[in-house]
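Summary of the model geometry
Chain by chain, the residues run as shown.
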Amino acid sequence: MTEKFTKRAYLTLFNLLDLKFNKTSDKELGRLLSNMNPNTFINDTSADSACYEDFCDCADNFENNEITSAYSVSIKFLEMYCNDFGFEIQKVIDDISLKEYETLFAETNKSEL
């Protein structure tokens, strides 16, 4: 995936998780969102730069700029944070549909990139 497409996929995932957090106030999800937050620092991609780097690493295996690839990268990233870093977010992962991801991806403002 191109750099711009990867960043858009990351922003889409962050926005989607933020919407889910606003509905549930799940503490584990809030903890992940605080690390992922792209709005913490000007011209940065996440509060914890490792989050964005990990997302980009997940995206490295995908060569096309298709929304299904962006969705797959997002799920892969979340599963990695669940399995490797102990974030208890499996219910959140299971609740993310391709359809809702596609809808939010279309709404993610390209000018934010």
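What this report covers is the structure whose coordinates are included nearby.

Examining the packing of helix α1 (residues 3–24) against helix α3 (residues 49–59)
- Packing of α1 against α3 leaves a shortest axis separation of 10 Å and a crossing angle of 120°. The angle between α1 and α3 places the two elements in the oblique class. Considering the relative orientation of α1 and α3, their crossing is right-handed. When α1 is examined against α3, the residues Glu3, Thr6, Lys7, Ala9, Tyr10 and Leu13 are found in contact with a partner set consisting of Cys51, Tyr52, Phe55, Cys56 and Ala59.
- In terms of residue class, the contact of α1 with α3 is built from eight nonpolar, one polar and two charged.

Some words on the packing of aromatic side chains
- Scanning the model with the defined rule gives nine aromatic pairs in all.
- For the ring pair Tyr81 and Phe85, a centre distance of 4.7 Å and an interplane angle of 55° mean the geometry is tilted. In this pair, Tyr81 and Phe85 both sit in helix α4 (residues 67–85), four residues apart, roughly one turn of the helix.
- With a relative accessible area of 45%, Phe85 lands in the partly exposed category.
- Grouped by ring-pair contacts, the aromatic residues Tyr10, Tyr52, Phe55, Phe77, Tyr81, Phe85 and Phe87 constitute a single cluster.
- The ring of Phe87 is capped by Arg31, whose NZ or CZ atom sits 4.1 Å from the centre of that ring.

Some points on the pattern of salt bridges
- All chains considered together, the criterion is met by three salt bridges.
- The salt bridge involving Lys20 is made with Glu100; its shortest N-O contact spans 3.2 Å. On the criterion of sequence distance, the pair formed by Lys20 in helix α1 and Glu100 in helix α6 (residues 98–107) is long-range, its members being 80 residues apart.
- Residue Lys20 is classed as buried on the basis of its relative accessible area of 11%.
- When the shortest N-O distance is used, the salt bridge between Arg31 and Glu28 registers 3.0 Å. On the criterion of helical spacing, the pair formed by Arg31 and Glu28 is a turn pair, its members being three residues apart in helix α2 (residues 27–36).
- Judged by its relative accessible area of 38%, Arg31 is partly exposed.
- Members of the salt-bridge network, linked through shared partners, are Lys20, Asp95 and Glu100.

Conventions we followed
Numbers given for residues are sequential positions, taken from 1 along each chain in its written order. Totals for whole chains, interfaces and linings use every residue, but because this is a predicted model, local features are given only for residues with pLDDT of at least 70 and side-chain atom pairs only at 80 or more, for both listing and counting. Water and hydrogen atoms play no part in the side-chain values, which are based on all heavy atoms of the structure. Orientation is described by axes fitted as lines to C-alpha atoms, over the contacting stretch for helices, and by angles from 0 to 180 degrees between their N-to-C directions. Counting from the N terminus, the helices are the DSSP runs of H or I reaching at least four residues and the strands are the DSSP runs of E reaching at least two. Here the word oblique covers every angle except those under 35 degrees (roughly parallel), over 145 (roughly antiparallel) and from 65 to 115 (roughly perpendicular). Crossing handedness is defined as follows: a turn of the near helix away from the far one that is anticlockwise and smaller than a right angle gives a left-handed crossing, while the clockwise case is right-handed. Contact criterion: two residues are considered in contact whenever any of their non-hydrogen atoms come within 4.5 Å of each other. Ten residues, namely Ala, Val, Leu, Ile, Met, Phe, Trp, Tyr, Cys and Pro, are considered nonpolar, four, namely Asp, Glu, Lys and Arg, are considered charged, and the remaining ones, Gly among them, are considered polar. Pairing of aromatic rings covers Phe, Tyr and Trp, the last counted by its six-membered ring, and requires centre-to-centre distances within 6.5 Å; plane angles under 30 degrees mean stacked, over 60 mean edge-to-face, and any other angle means tilted. Only protein chains enter the area calculation, which uses a 1.4 Å probe; residues under 20% of their type maximum are buried, those over 50% are exposed, and those in between are partly exposed. Counted as over-ring charges are cases with an Arg CZ or a Lys NZ within 6 Å of the ring centre that also lie within 35 degrees of the ring normal. Salt bridges are defined by distance alone: a side-chain nitrogen of Lys or Arg within 4 Å of a carboxyl oxygen of Asp or Glu.

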